[in-house]
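Spelled out, the chains give:
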Amino acid sequence: MKQQFESVRSGFLLLLAAFIWGIAFVAQSVGMDYMGPCTFNASRFLIGGVVLLPVIWTKERMEAKKGAADASAKKNKSGVLLPGGVCCGIALCAASLLQQFGIRYTSVGKAGFLTTLYIVIVPLLGIFVRRIPGVKVWCSVVVALIGMYLLCISGSVRIGLGDALVIGCALVFSIHILVVDYFAEQVDGVKLSCLQFLTSGVICLVLAFLTEYPSWDALFAGIVPVLYAGVLSSGVGYTLQVVGQKKVEPTAASLLLSMESVFSVLAGWVILGQKLSARELLGCALVFAAVICVQLPDKKKTKQVETA
C-alpha cells in the first residue's frame, strides 16, 4: 500500500511539472522578444539554481533536527552528486537551447508536439539499457502520439529548420530523462536539480557573451517571462521531475511529462482566449487517457498483493 501511494504521489508531481512547463511555452516565446536564446536560458537556469539554495539549506536543517543529516550527507558524499549534476546540466543545456532556438522558427503548438516525441524516444533508448517496456506502455505511447498530433498539428506537416531543431531537442530531452533516472535514486533530488541548473546556466552564460549581446536593460524588460521560466519552470518544475522520477519508470514518466503539450494548449485557451476545436479537444482526451492507462497497476502485480 505504501509503495502504491508513493507511486501515485510521484505521478502527481510529474503531472504538476508538466502543467508548469505547458504554461512555460508562452513565457519562452514572449521572452524571445527581449533577448536571445542563450541569454534567456542563462537567466532562467541561474535563477532556478539560486532559488533552490535556501530550499537545500532549510531541508538540511530539518534533517539535522530529525537526526537524518548523517544519512543524507553520507548519501551525497558518495562522489555521485557532482558528476551527476554536471551530466544532467549538460543534457538539459543542450536540449533547452535546441528548443529555444526552434521556437524562433516554428509555432509554439508544433514545438510542443515535437518536444513530446520523447515519449517514443525514451522507450526506444531504454531498450539499449535493457529496460523493455510492456505492451500497456507501448499502446499508451501510440494513443498519446495520436492525441498530440490531433492537438497540435493541423494541415500539412513540413519539417523546417525550427521543426528539426525541436526534434533534436526531443532526442536530447530523452537522454536527459534517462540520465536523471540513473542519478536520482543515488543522491538528494533537490541538490541534483540545483547543480544541473547552475551547470546549464553557466554554459549558457558563456555562450551568451560569445554569440549575443546580453544587457541588464533587456533582462529587466523581459523580467516576467524570465522569472516564470526561472522560478517555476526551472526551479520548481525540474525539481518535481527529479523527485517524481524516483518512483516512476522512465517511459511512464515521459508519458506523464508529455502532458505539457495539453496544458500549453489549455493555457492558451484560458489565458489568451484561444478556443479549442473539436479536433483539439479529442487530442486532449486521448493524451489524458494514455497517461491514466500507463499509471494503472498491472493485473499480475495486483493479484500478488492480494495473495500476500
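A quick note: this is a predicted structure, and the numbers were derived from the prediction, not measured.

A.B. asks: Explain the overall build of the protein chain to me, please; I cannot follow it from the model alone.
C.D. replies: Scanning the protein chain for helices and strands turns up 15 helices and 0 strands. The burial tally for the protein chain puts 49% of its 308 residues in the buried class. When the accessible surface of the protein chain is totalled, it reaches about 15200 Å², and 70% of it is carbon and sulfur.

A.B. asks: Help me out: how do you make sense of the pattern of salt bridges in this one?
C.D. replies: Pairs can form between side chains of opposite charge once their charged atoms are near each other. Taken as a whole and judged by the stated rule, the model has 1 salt bridge. Here Glu60 ties to Lys191 by a salt bridge, and the two come within 2.6 Å at their closest N and O atoms. Pair noted here: Glu60 is in helix α2 (residues 37–66) and Lys191 is in helix α9 (residues 189–211), with a separation of 131 residues, a long-range link. When its relative accessible area of 17% is taken as the criterion, Lys191 is described as buried.

A.B. asks: Sorry if this is basic, but what is going on with the nonpolar core here?
C.D. replies: Across soluble globular proteins, you tend to see nonpolar side chains buried next to one another. Counting residues in hydrophobic clusters, the biggest one holds 54 residues, and the most contacted among them are Tyr118, Ile119, Phe173, Tyr238, Leu257 and Met259. Of the residues forming this core, the biggest block, 10 residues, is contributed by helix α1 (residues 2–31). Discounting chain neighbours no more than four positions away, the residues touching Ile119 are Val141, Ala144, Leu145, Met148, Ser254, Leu255 and Ser258. Formed by 10 residues, the second largest nonpolar core is a distinct cluster that contains Leu81, Val180, Leu192 and Val242.

A.B. asks: Just checking my understanding: could you explain the packing of α2 against helix α4 (residues 81–105) for this structure?
C.D. replies: How two helices pack is summed up by the angle between their axes together with the distance between the axes. Remark: α2 packs on α4, axes separated minimally by 9 Å, with the N-to-C direction vectors making an angle of 135°. Put simply, α2 runs oblique to α4. Considering the relative orientation of α2 and α4, their crossing is right-handed. Of α4, the residues touching α2 (which contributes Pro37, Cys38, Phe40, Asn41, Arg44 and Phe45) are Leu92, Ser96, Leu97, Gln100, Phe101 and Arg104.

A.B. asks: What is the right way to read the environment of Ile23 from this model?
C.D. replies: Following the sequence through the fold, Ile23 ends up in helix α1. Residue classification places Ile23 among the buried residues on the basis of a relative accessible area of 19%. Expressed as a C-alpha distance, the spacing of Ile23 and Ile271, which sit 248 residues apart in the sequence, is 9.5 Å. Setting aside chain neighbours within four positions, we find Ile23 in contact with Tyr228, Ala267 and Ile271.

A.B. asks: What am I meant to see in the packing of α2 against helix α11 (residues 223–244) here?
C.D. replies: It is the contact of α2 with α11, at a shortest axis distance of 8 Å, that shows an interaxial angle of 55°. It follows from the interaxial angle that α2 and α11 lie oblique. Both α2 and α11 take part in a crossing whose hand is right-handed. Residues Phe40, Ser43, Arg44, Phe45, Ile47, Gly48, Val51 and Leu52 of α2 pack against Pro225, Val226, Leu227, Ala229, Gly230, Val231, Ser233, Ser234, Gly235, Tyr238 and Thr239 of α11. Taken together, the residues of the contact of α2 with α11 sort by class into 11 nonpolar, 7 polar and 1 charged.

A.B. asks: I keep staring at a nonpolar patch on the surface and nothing clicks. Help me out?
C.D. replies: A cluster of nonpolar residues, Leu82, Val86, Ile90, Val202, Ile203, Val206, Leu207 and Leu210, forms a patch on the protein surface that exposes about 670 Å² of accessible area. The set of elements that each furnish at least two residues to the nonpolar patch consists of α4 and α9. With 5 residues, the single largest contributor to the nonpolar patch is α9. Note on placement: Leu210 falls in helix α9.

A.B. asks: What is the right way to read the packing of aromatic side chains from this model?
C.D. replies: Each aromatic ring pair is specified by the distance between its two centres and by the angle formed by the two planes. Counted under the stated rule, the structure contains 4 aromatic pairs. Seen in terms of ring centroids, Phe19 and Phe263 are 5.3 Å apart; in terms of plane orientation they differ by 85°. Their pairing is edge-to-face. On the criterion of sequence distance, the pair formed by Phe19 in helix α1 and Phe263 in helix α13 (residues 260–272) is long-range, its members being 244 residues apart. A relative accessible area of 39% means that Phe19 is categorised as partly exposed. Note on Phe263: relative accessible area 18%, which makes it buried.

Reading the values: the criteria
- Residues numbered from 1 in each chain as written.
- Predicted model: local features only at pLDDT ≥ 70, side-chain atom pairs only at ≥ 80, totals over all residues.
- Heavy atoms only, no water.
- Helix = DSSP H or I, 4+ residues; strand = E, 2+ residues; numbered from the N terminus.
- Buried < 20%, exposed > 50% of the residue type's maximum accessible area, 1.4 Å probe, protein only.
- Areas by Shrake-Rupley, 256 points an atom, 1.4 Å probe, with all protein chains shown as cover.
- Salt bridge = Lys/Arg side-chain N within 4 Å of Asp/Glu carboxyl O.
- Core = buried A, V, L, I, M, F, W, Y, C linked by side-chain atoms within 4.5 Å.
- Contact = heavy atoms within 4.5 Å.
- Axes fitted to C-alpha atoms, helices over the stretch in contact; angles between N-to-C directions.
- Parallel < 35°, antiparallel > 145°, perpendicular 65-115°, else oblique.
- Left-handed = near helix turned anticlockwise from the far one by under 90°.
- Nonpolar A, V, L, I, M, F, W, Y, C, P; charged D, E, K, R; others polar.
- Patch = residues over 30% accessible without salt bridge, like charges linked within 9 Å, V, L, I, M, F, W, Y side chains within 5 Å.
- Phe/Tyr/Trp six-rings, centres within 6.5 Å; stacked < 30°, edge-to-face > 60°.

Shape descriptors only; they carry no functional weight alone.
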